[in-house]
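Survey of secondary and tertiary structure
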Amino acid sequence: MKEIWKSFLAILFIHTILHAANDSINISESIRDEETLVSSGGMFALGFFSPGNSRNWYLGIWYNNIPNQTVVWVANRGAPLTNKTGVLTLTEAGTLCLVNETNGLIWSTNASRTVQNPTAQLLDSGNLVVKDADDDDDRPENFLWHSFDHPTDTYIPGMKMGSDLIRGEERYMSSWWSDDDPAPCKFRTHMDLSGYPQIFTEGGRGVRYRYGPWNGVQFSGIAYTVTDAASIRVTIEMNSNRVMHSEYVVQSSVVTRLTLYPDGNGVRWTWNEGNQAWRIYYRFPIDICDDYNKCGAYGSCNVAESPRVNASTNLSPRIRGARVERIGQVDVLGGFRNSTAGMMCS
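Residues numbered from 1 in each chain as written. Predicted model: local features only at pLDDT ≥ 70, side-chain atom pairs only at ≥ 80, totals over all residues. Heavy atoms only, no water.

We now examine the overall build of the protein. Helix and strand counts for the protein stand at 3 helices and 28 strands. Buried residues in the protein amount to 44% of all 346 residues. Looking at the protein alone, contacts between residues at least 24 apart form 43% of all its contacts between residues at least 6 apart. Within the structure as shown, the protein displays about 18100 Å² of accessible surface, and the carbon and sulfur contribution to it stands at 51%. (Helix = DSSP H or I, 4+ residues; strand = E, 2+ residues; numbered from the N terminus. Buried < 20%, exposed > 50% of the residue type's maximum accessible area, 1.4 Å probe, protein only. Contact = heavy atoms within 4.5 Å. Areas by Shrake-Rupley, 256 points an atom, 1.4 Å probe, with all protein chains shown as cover.)

So, about the side chain of Asn127. As for its placement among the helices and strands, Asn127 is situated in the loop between strand E10 (118–122) and strand E11 (128–132). A polar contact is formed between the side chain of Asn127 and the side chain of Ser147, at a distance of 3.1 Å. Leave out the neighbours within four places in its chain, and Asn127 touches Gln121, Leu122, Phe143, His146, Ser147 and Phe148. (Polar contact = N/O pair within 3.5 Å; in protein donor to acceptor, adjacent residues only side chain to side chain.)

Now for the nonpolar core. Tyr63, Leu88, Leu96 and Trp107 are the most contacted members of the largest nonpolar core, which totals 53 residues. Setting aside chain neighbours within four positions, we find Leu96 in contact with Ile25, Leu88, Thr89, Leu90, Trp107, Ser108, Thr109, Ala120, Leu128, Val130 and Trp145. In terms of nonpolar packing, the next biggest core, distinct from the first, is built from 8 residues, Val38, Ala45, Trp62 and Trp176 among them. (Core = buried A, V, L, I, M, F, W, Y, C linked by side-chain atoms within 4.5 Å.)

Moving on to the pattern of salt bridges. Within the structure shown, the criterion is met by 9 salt bridges. Residue Glu169 pairs with Arg167 through a salt bridge whose shortest N-O separation is 4.0 Å. Residue classification places Arg167 among the exposed positions, given a relative accessible area of 54%. Across the pair Glu170 and Arg188 runs a salt bridge, and its minimum N-O distance is 3.4 Å. Residue Glu170 is located in strand E15 (residues 169–171), and its partner Arg188 is located in strand E17 (residues 181–192); the two are separated by 18 residues in the primary sequence. (Salt bridge = Lys/Arg side-chain N within 4 Å of Asp/Glu carboxyl O.)

Another aspect to go through is the sheet that holds strand E2 (residues 30–32). Pairing is antiparallel in the open sheet, where 4 strands are placed in the order E2-E7-E8-E9. Unpaired on one side and paired on the other, E2 and strand E9 (105–108) mark the two borders of the sheet. Neighbour-to-neighbour, the strand axes of the sheet open up by a mean angle of 20 degrees, direction not taken into account. In terms of strand pairing, strand E7 (residues 87–90) meets strand E8 (residues 96–99) through 4 bridges, oriented antiparallel. The residue bridging Leu88 from the neighbouring strand is Leu98, located in E8. (Pairing = 2+ DSSP bridges. Axes fitted to C-alpha atoms, helices over the stretch in contact; angles between N-to-C directions.)

Pairing of strand E20 (residues 232–238) with strand E21 (residues 242–249) involves 7 bridges; the strand directions are antiparallel. Its bridge partner lying in E21, Thr235 is registered against Ser246.

A separate point is the sheet that holds E10. With antiparallel pairing, 4 strands are arranged side by side in an open sheet as E1-E10-E11-E12. Edge strands, defined here as strands with exactly one partner in the open sheet, are strand E1 (24–26) and strand E12 (145–146). Relative to E10, E1 runs antiparallel, the two sharing 3 bridges. What sits directly across from Asn26, in E10, is Thr119.

Under the defined criterion, the tally for this structure stands at 14 aromatic pairs. Ring plane angle 75 degrees and centroid distance 6.0 Å describe the contact between Trp107 and Trp145, whose orientation is recorded as edge-to-face. Note that Trp107 is positioned in strand E9 and Trp145 in strand E12, a separation of 38 residues in sequence. With relative accessibility at 14%, the residue Trp107 sits in the buried group. Between the aromatic rings of Trp271 and Trp278, the centroid separation amounts to 5.3 Å while the plane-to-plane angle is 70 degrees, which identifies the pairing as edge-to-face. This pair shows no difference in class: Trp271 is buried, exactly as Trp278 is. The cationic tip of Arg188 hangs over the ring face of Tyr172; the distance from NZ or CZ to the ring centre is 4.8 Å. (Phe/Tyr/Trp six-rings, centres within 6.5 Å; stacked < 30°, edge-to-face > 60°. Lys NZ or Arg CZ within 6 Å of the ring centre and 35° of its normal.)

The next point concerns the confidence of the model for the protein. In this model, the protein carries an average pLDDT of 80, and 76% of its residues clear a pLDDT of 70 or more. Here residues 313–346 scores under 50 on pLDDT; set against residues more than four positions off or in separate chains, the count is 65 contacts. (pLDDT = per-residue confidence, 0-100.)

Relative to the elements of secondary structure, Gln198 occurs in strand E18 (residues 198–203). The exposure class assigned to Gln198 is buried, which follows from its relative accessible area of 9%. Beyond its immediate chain neighbours, meaning those up to four positions away, Gln198 contacts His190, Met191, Asp192, Arg210, Gly212, Pro213 and Phe219.

Its location among the elements puts Lys160 in strand E14 (residues 160–164). The spacing of Lys160 and Met244 is 84 residues in sequence and 5.9 Å in space, taken between C-alpha atoms. A distance of 3.4 Å separates the side chain of Lys160 from the side chain of Tyr248, its partner in a polar contact.

Structure (structure tokens):
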């Protein structure tokens, strides 16, 4: 009985070690086929997946404890594997390498520096990081590389969107080509720095819609509520080194994501644990009046009126080049004053 108990404890100890280590890989270790890394809190998983009806395979990150796989990041989105024989390894130089069955390089990372003992770890934020295994400091500036610097079609709390002015790098979202193909499509959502920082979604013929300029509290084109403020914190960092927009959850129980779809639409989702389903929190564009420059210079748009688009003969600009997107917001958001209140024109 004593020997059986010892054997049980040994098996439990080995299982605990393996379970504790499954959020990371070190030099000479690999991930392949149906193997995954799972973040320490069980929130996210990294592994190989095949989207929709595709026959190709990709290395990606998805929510581990949410049914119906929801992918938030893809490594080799423009270079698919044609079968399940891909292998992810970590080199001594701290580079993650994805190779195919013939050992051909499909995708790799670039380390900002070298360390003696690199490790790749999937954090519970959904961030895949390469760092010094001997350094417990998880500040992004200490990482050799991390996936949050390279968003795909989904923006999750902790990610940043904007420009690193020192490196000359921009972080932005770009939609999948289709539900079956995560290759970058024509639509992208990014931070525009030509005036007050604001987020544009553009592609195809140019700008499709915008979130409105940053007013010091939020982007003025999005209707945030008290509930938002209690669950999601929105910030912008502006200095000589960078201009970055970021979001953080105030309550750890809040699971939210912003996804840019192949048709150019952006949707904010929140997870409803009770119903075990994603719920649309808001979407862009909401209606035809959200289309960028729908009315032309100095025009206005009202979905409750017909025609919705009004001419600009009785509107004069307070700020040259500004645009009005909604009646009722013109005084705050658009920089216009109405010369003849209530007058309709077409």
